[in-house]
Amino acid sequence: MRKYIEMTDEVVNRLKEGKYVEGSMHYDAEVGKIVFRAYQRQARKRYCEEILGHTDFGIVAKTKTRYKWRETMPSKLSSAHLCNIMDRECQMAKGIIATHEIIDRV
């Protein structure tokens, strides 16, 4: 038994390219065929981050919803030295964020 499925050319082209197509399939009584409709999904928007400043071992950046603080340090340093550097970097990052907020308000 053969059943025909009605779908748009766009869906057929995507299937020929080997891509997956998500959608809904139902029987349309008016047409008398099974109809497949692809979901019209929107691509996720990625917000770029704005770099607020640089510290000695990292950067402070801001996205639409978050502040980001990244730092990388050499693994050759002792743990006590790393803790001191991390404290100093934290103070620098706080200063950068405070300065940026002051500039935005002016």
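The text that follows walks through the structure, step by step, so that each part is easy to find. Sequence order as written defines residue numbering, which begins from 1 separately in each chain. Whole-chain, interface and lining totals are the exception, using all residues; otherwise, since this is a predicted model, local features are given only for residues with pLDDT of at least 70 and side-chain atom pairs are given and counted only at 80 or more. Side-chain metrics rest on all non-hydrogen atoms present in the structure, leaving aside hydrogens and water.

## Describing the pairing of strand β3 (residues 33-38)
What makes two strands pair is DSSP finding at least two bridges between them. Here a helix means four or more residues in a row that DSSP labels H or I, a strand means two or more in a row labelled E, and each is numbered from the N terminus. Pairing between strand β1 (residues 5-6) and β3: two bridges, direction parallel. When the sheet's bridge partners are listed, Ile-5 is paired in β3 with Ile-34. Pairing between strand β2 (residues 23-28) and β3: six bridges, direction antiparallel. Within β3, the position partnered with Tyr-27 by the bridge is Ile-34. Between β2 and β3, which pair antiparallel and follow one another directly, the connecting turn spans four residues, one of which, Gly-32, has a positive phi of 80 degrees.

## Re helix α2 (residues 79-105)
For a helix, the expected span equals 1.5 Å multiplied by the residue count minus one. When the terminal C-alpha atoms of α2 are compared, their 39 Å separation across 27 residues agrees well with the 39 Å that a helix rising 1.5 Å per residue should span. Buried, partly exposed and exposed residues are distinguished by accessible area as a fraction of the type maximum, computed with a 1.4 Å probe on protein chains only: under 20%, between the cut-offs, and over 50%, respectively. For α2, every residue scored as buried is listed here: Ile-85, Glu-89, Ala-93, Ile-96 and His-100.

## Some remarks on the sheet that holds strand β6 (residues 67-71)
As summarised here, the arrangement of the three strands in space is β4-β5-β6, forming an open sheet in which the pairing is antiparallel. In the strand order of this sheet, the two ends are held by β4 (50-54) and β6, each with one partner. When strand polarity is set aside, the average angle formed by the axes of neighbouring strands in this sheet is 25 degrees. Examined bridge by bridge, β4 and strand β5 (residues 58-62) share four bridges and lie antiparallel to one another. In the sheet register, Gly-53 faces β5, and the bridge partner there is Val-60. Contacts between residues were defined by any pair of non-hydrogen atoms, one from each residue, lying within 4.5 Å. An axis is simply a line fitted to the C-alpha atoms; with a helix, the fit covers only the stretch in contact. Between two such axes, the angle follows the N-to-C directions and lies from 0 to 180 degrees. Across the face of the sheet, α2 comes into contact with β4, β5 and β6 while running at roughly 150 degrees to β6.

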